[in-house]
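One-letter residues, chain by chain:
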Amino acid sequence: MSSWKIEQLNLEKDLEPALTFAEMLLLELEDTRSTAPFNRKKVSTDLEKNRDKFSVFVARDEQGSGVGLLTLVESFAIYANGSYGVINELYIAPRYRSKGVGKALLDSVKEFGSKKGWKRIDVTAPEGKKWKRTVEFYLREGFEHTGPKLKFLL
């Protein structure tokens, strides 16, 4: 299938699909990240507080089933000339990878960001051989390396 239906979820009523896809992504990344167990209740509560800056895009197949998810948060930095987007999660169900789903999601998010007047969208990709295809995908889609991202766990 070359055309996927991309929709931005209404998080007041469609939060569950977003949480399910995000949980699947976290399970896949488990060996590369030291994070606390996924806490749906806390994530839901925190999302309520940040709903105006957080967007979820879902790719659906011809039957309307979700096959991929991308989450986007609005951030602000002087170096970015103000507001900009950050992709925090991008997950495509394994059997739909390399079929244009990720590209369709990114195209929708690029359009969304342009309408908001953003000058950039950032994403952090996992490191290592296992994730080489992921990094190559973002590079193919026009992203550029800007350096490693570091984290501090509280």
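Look up: the structure comes first, before these words.
Counting restarts for each chain: residues are numbered from 1 in the order of the written sequence. Given that this is a predicted model, residues contribute local features only at a pLDDT of at least 70 and side-chain atom pairs are listed and counted only at 80 or more, while totals for whole chains, interfaces and linings are drawn from all residues. Hydrogen atoms and water are omitted, and side-chain values are computed over all heavy atoms in the structure.

Draft legend 1. Representation of the nonpolar core in the model. Counting 22 residues, the largest nonpolar core has Leu70, Leu72, Ile87, Leu90, Val101 and Leu105 as its most contacted members. For this core, the elements supplying multiple residues, two or more each, are β2 (54–60), β3 (66–77), β4 (82–92), α3 (101–115) and α4 (132–140). In terms of residues, this core owes the most to one element, α3, which gives 6 residues. Once residues within four sequence positions are removed from consideration, Ile87 is found in contact with Leu70, Thr71, Leu72, Leu106, Ile121, Asp122, Val123, Thr124 and Phe143. Residues belong to a common nonpolar core when they are buried Ala, Val, Leu, Ile, Met, Phe, Trp, Tyr or Cys residues joined through side-chain atoms within 4.5 Å. Think of it in three bands: with a 1.4 Å probe and only protein chains considered, a residue is buried below 20% of the maximum accessible area for its type, exposed above 50%, and partly exposed in between. Of all hydrophobic cores here, the second largest spans 12 residues; its members include Leu11, Ala18, Phe21 and Tyr91. Secondary structure counts use DSSP, requiring at least four H or I residues in a row for a helix and at least two E residues in a row for a strand, with both numbered from the N terminus. Contacts are assigned to residue pairs with any non-hydrogen atoms lying within 4.5 Å of each other.

Draft legend 2. Region of interest: the packing of aromatic side chains. Two aromatic rings from Phe, Tyr or Trp, using only the six-membered ring of Trp, form a pair when their centres are within 6.5 Å; if the ring planes differ by under 30 degrees the pair is stacked, by over 60 it is edge-to-face, and anything between is tilted. Applying the stated rule across the entire model yields 6 aromatic pairs. For the ring pair Phe57 and Phe112, a centre distance of 5.4 Å and an interplane angle of 75 degrees mean the geometry is edge-to-face. Of the two residues, Phe57 is situated in strand β2 and Phe112 in helix α3; the sequence distance between them amounts to 55 residues. Each member of the pair, Phe57 as well as Phe112, carries the same accessibility label: buried. Each residue in the set Phe57, Phe112 and Trp118 is aromatic and connected to the rest through ring pairs, giving one cluster. The residue whose ring lies beneath Arg120 is Tyr84, and the NZ or CZ to ring-centre distance is 5.9 Å. Charge over a ring is defined by NZ of Lys or CZ of Arg lying within 6 Å of the ring centre and within 35 degrees of the ring normal.

Draft legend 3. Highlighting the side chain of Asp61. Considering the arrangement of structural elements, one finds Asp61 in the loop between β2 and β3. Buried and unpaired, Asp61 has no salt bridge, with Arg95 as the nearest side chain of opposite charge at 6.1 Å. In protein, a polar contact means a hydrogen-donor-capable atom and an acceptor-capable atom, both N or O and within 3.5 Å, with residues adjacent in sequence counting only if both atoms are side-chain atoms; elsewhere, any N or O pair within 3.5 Å suffices. A distance of 3.0 Å separates a polar atom in the side chain of Asp61 from the backbone nitrogen of Gln63. Lys and Arg are tallied as positive, Asp and Glu as negative. Neither His nor the chain termini are counted. Whenever Lys or Arg places a side-chain nitrogen within 4 Å of a carboxyl oxygen from Asp or Glu, that contact is recorded as a salt bridge.

Draft legend 4. Geometry of unusual backbone geometry. You will see that Asn81, though not glycine, has its phi angle at about 60 degrees, which is positive. Within the fold, Asn81 resides in the loop between β3 and β4. Positive phi outside glycine occurs at Ser98, with the angle close to 65 degrees. Looking at the secondary structure, you find Ser98 in the loop between β4 and α3.

Draft legend 5. Region of interest: the sheet that holds strand β5 (residues 121–123). Here, strands pair whenever DSSP counts at least two bridges between them. Ordered by their spatial adjacency, 5 strands build an open sheet running β1-β2-β3-β4-β5, and the pairing between neighbours is mixed. Bordering the open sheet on either side are β1 (5–8) and β5, each of which pairs with just one other strand. Adjacent strand axes in the sheet meet at a mean angle of 25 degrees, parallel and antiparallel pairs treated alike. Both β2 and β3 contribute to a ladder of 7 bridges, which runs antiparallel. Think of each axis as a best-fit line through the C-alpha atoms, taken over the contacting stretch in the case of a helix, with angles from 0 to 180 degrees between the N-to-C directions.

Draft legend 6. Here's a closer look at the pairing of β4. Counting buried positions along β4 gives 8 out of 11 residues, so the element sits mostly inside the fold. Judged from the 10 bridges that link them, β3 and β4 form a sheet pairing that is antiparallel. The residue of β4 that forms the bridge with Phe76 is Ser83. Turn length for the β3-β4 hairpin, with the two strands adjacent in sequence and antiparallel, is 4 residues, and the turn residue Asn81 shows positive phi of about 60 degrees. Here β4 runs beside β5; their pairing, made up of 3 bridges, is parallel. Bridging from a neighbouring strand, Gly85 pairs with Ile121 of β5. Seen with its strands pointing away from the viewer, a crossover is right-handed when the path leading from the first strand over the helix to the second is clockwise. For the crossover from β4 across α3 to β5, the handedness is right-handed.

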